[in-house]
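Fold and contact review
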Amino acid sequence: MSAIVSDASTITIPLVPPFPLDTPRAGASVHLRFEDVTQDGRLVLEALPNALGPAVWRGLLAKDPMPARFFEQGIIPILSRFVLEGHPGPISANATVEAQGTFRLSRAEDGRFMVDMWADLYGKIGRTHGKTDRDGERILAGRILAEHVLTRPFAPPEQRRVTSLDFPGAPTDLPSRPAPPAYDAIASVPAGATPLEPGRSPDPVPVVFGLVHTDSNMHVNSLVYLRLFEEAALRRFSALGKGSVVLGRTLDIAYRKPCFAGQTVRVVQQAFEHQGRLGIAAVLVEDEDVASAETLARAKPHAYVRITFDR
């Protein structure tokens, strides 16, 4: 097997923690859409979560009896956070990416039961059109952590939070993990960064959700948010004279409450520079929340995000 190579000059401290040592593993092929690979051969961030289906949901959880026991109790893992890293290429849009995945059931320090999923995506250097002098070398193309909270989404509101696993066959002696970061900690300018504007302000373009944005869970799909935040960031960078020929390379997003077809929402964001990279810290709110500083201060965002970009 070829060595895994990467361009360390374009990678900062990784956001995604390493795989746990004592969890099951599965490998799977991830087939790319043509639009998943940029003109310079890098994977877009929204392509990375596609590895979780074949490598974790179908590769591991479909063979594990525990999800069926949870489902019998009305308990479902609900996505609450993505952490993504995009790594250098180039890879061909005609290639198949290989993923290694794992998962862990644990209890967070705040009492919530979590299902964390990891996937690392590997490709081979190449181009959609033409060749490179490194064709065939194996590279790390991207990494993902997906956090899910065990919830009873169809129960009455006061019964939705899972506070114990006390049914027959429930797992015991679960490992512990830190609580997820606070929402506002995610949607904030990182320590040591230079803000490019005094604070968060609304993007001028409202986002109108329709059926095209939804999935079978009856709400806006989680991957839709990644694209709309990145596009809003490009508009902000351009307005600030920083240019828009950049690509999101790290992303941390927390989902607080879903959006639905028919809603109109607005990105509220602040641009910054950190370690030579552009970035944004942003939230997604209802369109009417941006009517004034007072309504914005009272807003309860749907999602919180921080993205950094490379040229």
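Everything numeric in this text was worked out from a predicted model, so none of it was measured.

The rules behind these values
- Residues numbered from 1 in each chain as written.
- Predicted model: local features only at pLDDT ≥ 70, side-chain atom pairs only at ≥ 80, totals over all residues.
- Heavy atoms only, no water.
- Helix = DSSP H or I, 4+ residues; strand = E, 2+ residues; numbered from the N terminus.
- Rg over C-alpha atoms; globule rule 2.2 N^0.38 Å.
- Buried < 20%, exposed > 50% of the residue type's maximum accessible area, 1.4 Å probe, protein only.
- Contact = heavy atoms within 4.5 Å.
- Areas by Shrake-Rupley, 256 points an atom, 1.4 Å probe, with all protein chains shown as cover.
- Lys, Arg positive; Asp, Glu negative; His and termini not counted.
- Charge placed at Lys NZ, Arg CZ, Asp CG, Glu CD.
- Pairing = 2+ DSSP bridges.
- Phe/Tyr/Trp six-rings, centres within 6.5 Å; stacked < 30°, edge-to-face > 60°.
- Lys NZ or Arg CZ within 6 Å of the ring centre and 35° of its normal.
- Salt bridge = Lys/Arg side-chain N within 4 Å of Asp/Glu carboxyl O.
- Core = buried A, V, L, I, M, F, W, Y, C linked by side-chain atoms within 4.5 Å.

1. Description of the overall build of the protein
A tally of helices and strands in the protein yields five helices and 13 strands. Taking 19 Å as the expected radius of gyration for a compact globule of 311 residues, we find that the protein reaches 20 Å, a close match to that expectation. In terms of its C-alpha atoms, the protein occupies a principal-axis envelope of roughly 60 × 60 × 40 Å. Split into buried and exposed, the 311 residues of the protein put 49% on the buried side. Pairs at least 24 apart in sequence give 78% of the contacts found in the protein among residues at least 6 apart. In the structure as shown, the protein presents an accessible area of about 15,200 Å², 54% of it carried by carbon and sulfur atoms. Here the protein holds 34 positive side-chain charges and 35 negative ones, and the gap between their average locations is 1 Å.

2. Observations concerning the pairing of strand β5 (residues 138–151)
Side chains on a regular strand alternate between the two faces of the sheet. Among the 14 residues of β5, 14 are classified as buried, and the element is accordingly described as predominantly covered. Where strand β2 (residues 76–86) lies against β5, 10 bridges are found, and the strand directions are antiparallel. Residue pairing across strands places Glu-85 opposite Arg-143, the latter belonging to β5. The sheet contact formed by strand β4 (residues 113–124) and β5 spans 11 bridges and is antiparallel. Residue Asp-116 lies in a different strand from β5, and its bridge partner there is Glu-147.

3. Some points on the packing of aromatic side chains
Under the counting rule described, the total for this entry stands at six aromatic pairs. Between Phe-82 and Tyr-255 the ring centres are 6.2 Å apart and the planes differ by 80°, which places this aromatic pair in the edge-to-face class. Highlighted residues: Phe-82 in strand β2 and Tyr-255 in strand β10 (residues 247–255), separated in sequence by 173 residues. Judged by relative accessible area, Phe-82 falls into the buried class, the value being 4%. Take Tyr-255: its relative accessible area is 13%, and that puts it in the buried class. Taking 4.7 Å as the distance between ring centres and 10° as the angle between the ring planes, the aromatic pair formed by Tyr-183 and Tyr-304 counts as stacked. Of this pair, Tyr-183 sits in helix α3 (residues 183–186) while Tyr-304 sits in strand β13 (residues 303–310), placing them 121 residues apart in sequence. Take Tyr-183: its relative accessible area is 33%, and that puts it in the partly exposed class. Three or more aromatic residues joined by ring pairs make a cluster, and in this case those are Phe-82, Phe-209, Tyr-225 and Tyr-255. The aromatic ring of Tyr-122 is capped on one face by Arg-138, whose charged end is 4.0 Å from the ring centroid.

4. Remarks on the pattern of salt bridges
In this structure the tally under the stated criterion is 20 salt bridges. In this structure, Arg-33 engages Glu-46 in a salt bridge whose closest nitrogen and oxygen atoms are separated by 3.9 Å. Remark: Glu-46 occurs in the loop between β1 (26–31) and α1 (52–57) and Arg-33 occurs in the loop between β1 and α1; sequence separation between them is 13 residues. With a relative accessible area of 15%, Glu-46 lands in the buried category. With its nearest N and O atoms 2.8 Å apart, the salt bridge here joins Arg-81 to Asp-252. Of the two residues, Arg-81 sits in strand β2 while Asp-252 sits in strand β10, which places them 171 residues apart along the sequence. The pair Arg-81 / Asp-252 is uniform in exposure class, with both members buried. Members of the salt-bridge network, linked through shared partners, are Arg-33, Glu-35, Asp-36, Glu-46, Arg-227 and Glu-231.

5. Concerning the side chain of Ser-106
Tracing the sequence through the fold places Ser-106 in strand β3 (residues 96–108). Setting aside residues up to four positions removed in sequence, Ser-106 forms contacts with Arg-112, Phe-113, Met-114, Asp-116, Leu-174, Pro-175 and Arg-177.

6. Structural notes on the nonpolar core
Side chains of a nonpolar character, in soluble globular proteins, are inclined to be buried together. Ranked by size, the top nonpolar core spans 67 residues in total, and within it Leu-150, Leu-165, Tyr-225, Phe-229, Ile-253 and Leu-284 carry the most contacts. Residue contributions to this core peak at eight residues, all from helix α4 (residues 222–239). When neighbours within four sequence positions are excluded, Leu-284 is seen to be in contact with Tyr-225, Leu-228, Phe-229, Cys-259, Val-265, Arg-266, Val-267, Pro-301, His-302 and Ala-303. One finds Val-283, Val-285, Val-290 and Ala-299 within the second-largest nonpolar core, a separate group that totals seven residues.

7. Focus: unusual backbone geometry
Across the chain, the bulk of peptide bonds are trans and the bulk of non-glycine residues have phi less than zero. Going from Gly-89 to Pro-90, the amide bond is cis rather than trans, its omega being 5°. When you line up the elements, Pro-90 lands in the loop between β2 and β3. Of note in this structure, Met-218 is not a glycine but carries a positive phi near 75°. Along the chain, the position of Met-218 falls in the loop between β9 (207–208) and α4. Given the relative accessible area of 65%, Met-218 is considered exposed.

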